[in-house]
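Listed below, chain by chain, are the residues.
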Amino acid sequence: MLLAGKRVVITGASRGIGRAIALGCARHGADVMLGHSGRSSADDILTLRHQIEVLGRKVADQAGDIGDPDTGAALIAMAVEQLGGVDVFISNAGICPFHAFLDMPQETYYRTVNTNLNGAYFAVQAAARQMQQQGEGGAIIAVSSISALVGGGMQTHYTPTKAGLLSLMQSCAIALGPLGIRCNALLPGTIETDINREDLADPHKRSTMQNRIPLGRLGQPEDLVGPAVFLASDLARYVTGASLLVDGGMYVNLQ
Ligand SMILES: NC(=O)C1=CN([C@@H]2O[C@H](COP(=O)(O)OP(=O)(O)OC[C@H]3O[C@@H](n4cnc5c(N)ncnc54)[C@H](OP(=O)(O)O)[C@@H]3O)[C@@H](O)[C@H]2O)C=CC1
Ligand SMILES: C[C@H](O)[C@@H]1OC(=O)[C@H](O)[C@@H]1O
């Protein structure tokens, strides 16, 4: 139980990586506030809430478009109301609508940057303000990506947001270190979720990605649980401004 007594707030908790991390945190003893867009089915959210409740943990959820700069603050306020405070904030919500560069629609570009980076910025700020008020430090984790370090021809709108999140965690580690608030980035490789279901349905793309991974398989959402719980926990009490690749070795595999 690495997170006993901690209150965790996570965005993008309805599906994929966020859902797995939310459940993993609860299994490690945390109470959890689930953020989501409201587009997932109510049943999906209720099932997750039930899975957390049967562990004996408190859980609440709130819908809101994270691209709205006020959504993060509303989520944090709800966590204070429902859980009594915030010890860990995980900025995870994100989109990746694959698209070529030369005809990238402005709407797709702005929606991606707004969701992945601008919304995360204000949510991190709201979490940090709450932690400052509590006066006991805290942990902030941004789900960045291997894409913060390497490019993607169909991701020219997406990779800058992931590099931005990595940079945000580095700068926040400096800004918030004096308050005892640690800020770190998780860099997943290719994890099978709804975000890339269509992209990986192409057998050539799928095998190309898979063949690049020394551990021999694509990632699963549950692969992120251990790294997230570690960074959230007091085991990582001297870790801040760090980034952790969770990619099966994909990044280092040049030849
Ligand atoms: N899968 C991968 O290979 C990788 C993913 N990542 C990152 O991990 C994070 C999670 O992705 P993943 O689990 O794969 O994707 P999923 O598509 O499975 O889940 C995305 C989550 O983000 C939420 N979300 C999307 N848009 C918004 C919005 N505007 N406001 C609020 N919530 C929103 C969704 O909520 P709802 O269900 O309500 O729409 C959902 O919970 C993303 O930031 C992604 O960039 C990083 C590296 C690799
Ligand atoms: C959505 C992609 O499959 C996924 O997103 C990332 O951040 C990784 O780099 C993968 O490309």
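Residues numbered from 1 in each chain as written. Chains lettered and ligands numbered in written order. Predicted model: local features only at pLDDT ≥ 70, side-chain atom pairs only at ≥ 80, totals over all residues. Heavy atoms only, no water.

Brief notes about the pairing of strand 6 (residues 181-188)
So, step 1. Counting buried residues along strand 6, eight of its eight residues qualify, which places the element largely inside the surrounding structure.
So, step 2. Neither face of strand 6 is open: one carries I181, C183, A185 and L187, the other R182, N184, L186 and P188, and all of them are buried.
So, step 3. Running through helix 5 (residues 159-176), the crossover from strand 5 (residues 138-143) to the neighbouring parallel element strand 6 is right-handed. (Buried < 20%, exposed > 50% of the residue type's maximum accessible area, 1.4 Å probe, protein only. Helix = DSSP H or I, 4+ residues; strand = E, 2+ residues; numbered from the N terminus. Right-handed = clockwise from strand over helix to strand, strands pointing away.)

Considerations on the nonpolar core
As a rule of thumb, soluble globular proteins bury nonpolar side chains together.
So, step 1. Counting 32 residues, the largest nonpolar core has V9, F89, I140, M169 and C183 as the members making the most contacts within it.
So, step 2. Of all the secondary-structure elements, those providing two or more residues to this core are helix 3 (71-83), helix 4 (106-134), strand 5, helix 5 and strand 6.
So, step 3. Discounting chain neighbours no more than four positions away, the residues touching C183 are I140, M169, C172, A173, L176, T240, G241 and A242.
So, step 4. Judged by nonpolar contacts, the second largest core, of 31 residues, contains A22, L23, C25 and I52. (Core = buried A, V, L, I, M, F, W, Y, C linked by side-chain atoms within 4.5 Å. Contact = heavy atoms within 4.5 Å.)

Details of the site of ligand 1
So, step 1. Near ligand 1 there are 32 residues, and of these S14, R15, S40, Y158 and T193 occur at the shortest range.
So, step 2. At 2.8 Å, a backbone N or O of I191 approaches an oxygen atom of ligand 1.
So, step 3. Starting from 890 Å² of accessible surface for ligand 1 in isolation, the protein chains cover 96%.
So, step 4. Taken together, the residues that form the shell around ligand 1 break down as 10 nonpolar, 17 polar and five charged. (Near = heavy atom within 4 Å. Polar contact = N/O pair within 3.5 Å; in protein donor to acceptor, adjacent residues only side chain to side chain. Areas by Shrake-Rupley, 256 points an atom, 1.4 Å probe, with all protein chains shown as cover. Nonpolar A, V, L, I, M, F, W, Y, C, P; charged D, E, K, R; others polar.)

Topic: the packing of helix 4 against helix 5
So, step 1. The geometry of helix 4 relative to helix 5 is characterised by a closest axis approach of 10 Å and an angle of 15° between their N-to-C directions. Compared by their axis directions, helix 4 and helix 5 come out roughly parallel. In this structure, the crossing between helix 4 and helix 5 has a hand that is right-handed. Here T112, V113, N116, L117, A120, Y121, V124 and A128 of helix 4 come into contact with helix 5, specifically with T161, K162, G164, L165, L168, M169, C172 and L176. (Axes fitted to C-alpha atoms, helices over the stretch in contact; angles between N-to-C directions. Parallel < 35°, antiparallel > 145°, perpendicular 65-115°, else oblique. Left-handed = near helix turned anticlockwise from the far one by under 90°.)

Some details on the sheet that holds strand 7 (residues 243-246)
So, step 1. The seven strands lie next to each other as 3-2-1-4-5-6-7, forming an open sheet whose pairing is parallel. Bordering the open sheet on either side are strand 3 (59-63) and strand 7, each of which pairs with just one other strand. Strand-to-strand twist across the sheet, computed as the mean angle between neighbouring axes with direction ignored, equals 15°.
So, step 2. Direction of pairing for strand 1 (residues 7-10) relative to strand 2 (residues 31-36): parallel, over a ladder of four bridges. If you follow R7 over to strand 2, its bridge partner there is D31.
So, step 3. With respect to the sheet, helix 3 is in contact with strand 1, strand 2, strand 3 and strand 4 (88-91), its orientation differing from that of strand 2 by roughly 150°. (Pairing = 2+ DSSP bridges.)

Comments concerning the side chain of D87
So, step 1. Locating D87 in the fold gives a position in the loop between helix 3 and strand 4.
So, step 2. Overall, the relative accessible area of 14% leaves D87 in the buried class.
So, step 3. A polar atom in the side chain of D87 sits 2.8 Å from the backbone nitrogen of R7.
So, step 4. Contacts of D87, omitting those with residues within four sequence positions, involve G5, K6, R7, M131, Q134, G138 and A139.

Some thoughts on the site of ligand 2
So, step 1. In the vicinity of ligand 2, the contacting residues are C96, F98, S145, I146, S147, Q155, Y158, G189, T190, I195 and N196.
So, step 2. At 3.1 Å, a side-chain N or O of Q155 approaches an oxygen atom of ligand 2.

Considering the packing of aromatic side chains
So, step 1. Applying the stated rule across the entire model yields two aromatic pairs.
So, step 2. Ring plane angle 75° and centroid distance 5.3 Å describe the contact between Y109 and Y110, whose orientation is recorded as edge-to-face.
So, step 3. Arranged with centres 5.2 Å apart and planes meeting at 75°, the rings of Y121 and F122 form a pair that is edge-to-face.
So, step 4. You can call F122 partly exposed: its relative accessible area is 33%. (Phe/Tyr/Trp six-rings, centres within 6.5 Å; stacked < 30°, edge-to-face > 60°.)

A short note on the pairing of strand 2
So, step 1. Most of strand 2 is tucked away: six of the six residues are buried.
So, step 2. Burial along strand 2 is two-sided: D31, M33 and G35 and V32, L34 and H36, pointing in opposite directions, are all buried.
So, step 3. Note on the crossover from strand 1 through helix 1 (residues 16-27) to strand 2: the handedness is right-handed.
So, step 4. Crossover strand 2 to strand 3 through helix 2 (residues 42-53) is right-handed.

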